[in-house]
Amino acid sequence: MGKAILEVRDLTTKYITRFKEDVYAVDHVSFTVDEGRTLGIAGESGCGKSTLALSLMGYYFSPLYYTGGQILVDGRDITNMSPDEVRKNVLGTEVAYIPQAAMNALNPTAKIIRFIEDVIHAHDLKMSKKDIYDLARERFEILNLPSDVLQKHAVELSGGMKQRTVIAISTILSPKVLIADEPSSALDVSSQKLVIKMMYDLMRMGYIKSMIFITHELPLLYNVTDNIMVMYAGQIVESGTAKQMVFDPVHPYSKGLMNSIIVPEEGTRDVKLTAIPGTPPNLKNPPQGCRFAERCKYAQHLCHTSFVTMRRFGEVDPGLLGGEDEGDAVAERNRAYRCIVPIHELKAAYAEEDAARRRDKEAVSYE
Ligand SMILES: Nc1ncnc2c1ncn2[C@@H]1O[C@H](COP(=O)(O)OP(=O)(O)O)[C@@H](O)[C@H]1O
Ligand code: SF4
Ligand SMILES: [Mg+2]
């Protein structure tokens, strides 16, 4: 195991609306990202992914409030710092957050180099315009971005170039953690690949030490991240390696997310994708028991009444071997899920459903 760059323990944050209602958008979230590793966070819209990303910066302003937990960046707790200290000593240098649709928020009347000057000046770094330009040009060239972009305005750039430029601006001060919220969602496939490649280049070259990639598309994370967490209604419901989460999801919500995006093969177009019926609960008044219970086809009476916690697979089933070598076995034991149903029962139910779906597909393709 590498050195922990980001450690999040029981982080809880909420919005307080204009009508003084609490929205519990991040509820006791815990995870770690090690040096050189990438974490993917997946979940439907409204599950709290962006709020978690925003909360991870340790910089809170109305209507978002911190209510508990810790965020340690390279061993340093940023939750006990003043907002001014966080702004000067954390944002951009320790943690960089690229909000959803950030590329569309670039002021169209300013040249790209101005944004880089703003980032540097926000940290009170005394650098001349020439030094800033030289730093920016060198970084852009290393990242295969044409340096003439620095003198251009955002409107002159294509979507993919704009997004890569935003990433280059946000990481100019070499933060330890880069958090990118849906960085490729609005882009075509080839631009998506370039954006993802650039994020990896930043890590390979040592400009960033770890990365969090947020998306509503779980399978996209398979080739992009080492580990994946699935979020539902402000809570983590399952975490594991990218391979485990994409090919062998265990929580009924993760399984539903995977089933709802598998593209039907040719000749099977009449087979319905099994989207998860219903919508996530209102986080002003989250359910008492399992937050997924209203939509879960395996729900039992207890699911609606008992508080369901995250448990490691090794704790639920100490006999788990999970794979051919010891590394796989350790990874399997370290997986965690938030469900009261035993792992083997869920897996048996999925095996039956998957077999039935395959039979249906075959029947349709022969028609
Ligand atoms: N400014 C806000 N004020 C109040 N509630 C908000 C605000 N922004 C988001 N929320 C609520 O917080 C929850 C999580 O939203 P969000 O983090 O944007 O989810 P995601 O990124 O997964 O789509 C949702 O219920 C959403 O309605
Ligand atoms: S705890 Fe119950 S309702 Fe929640 S995911 Fe598990 S089976 Fe479904
Ligand atoms: Mg979002």
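As a starting point, this report considers the structure included with it. (Residues numbered from 1 in each chain as written. Chains lettered and ligands numbered in written order. Predicted model: local features only at pLDDT ≥ 70, side-chain atom pairs only at ≥ 80, totals over all residues.)

## What about the overall build of the protein?
Across its full length, the protein carries twelve helices and twelve strands. For a compact globule of 367 residues, the expected C-alpha radius of gyration is about 21 Å, and the protein comes in at 22 Å, within 12% of that figure. Principal-axis analysis of the C-alpha atoms gives the protein an extent of 65 × 50 × 50 Å. Each of the 367 residues in the protein was classed as buried or not, and the buried ones make up 37%. Restricting the contact set of the protein to residue pairs at least 6 apart, pairs at least 24 apart contribute 65%. (Helix = DSSP H or I, 4+ residues; strand = E, 2+ residues; numbered from the N terminus. Rg over C-alpha atoms; globule rule 2.2 N^0.38 Å. Buried ≥ 20, exposed ≤ 12 C-beta atoms within 10 Å, placed from the backbone. Contact = placed C-beta atoms within 7 Å.)

## Points about the site of ligand 1
Near ligand 1, the surroundings consist of 14 residues, among which Y15, A25, K49, S50 and T51 are the closest. For the shell around ligand 1, the element with the highest residue contribution is helix α1 (residues 49–55), accounting for three residues. Looking at the shell around ligand 1 residue by residue, the class counts come to six nonpolar, seven polar and one charged. (Near = placed C-beta within 6 Å. Nonpolar A, V, L, I, M, F, W, Y, C, P; charged D, E, K, R; others polar.)

## Digging into helix α8 (residues 252–259)
With seven of eight residues buried, α8 is to be regarded as a mostly interior element. All of the buried residues in α8 are P252, Y253, S254, K255, G256, L257 and M258.

## Structural notes on the sheet that holds strand β1 (residues 4–16)
Pairing between the strands of a sheet is mediated by backbone hydrogen bonds and can be parallel or antiparallel. Strand order across the open sheet formed by four strands is β2-β1-β4-β5, with antiparallel pairing between neighbours. The open sheet is flanked by β2 (22–34) and β5 (76–77), the only strands paired with a single partner. Sheet topology note: the β1/strand β4 (residues 64–73) ladder contains eight bridges and is antiparallel. If you follow R9 over to β4, its bridge partner there is Q70. (Pairing = 2+ DSSP bridges.)

Spatial relationships are all this shows, so hold off on functional conclusions.
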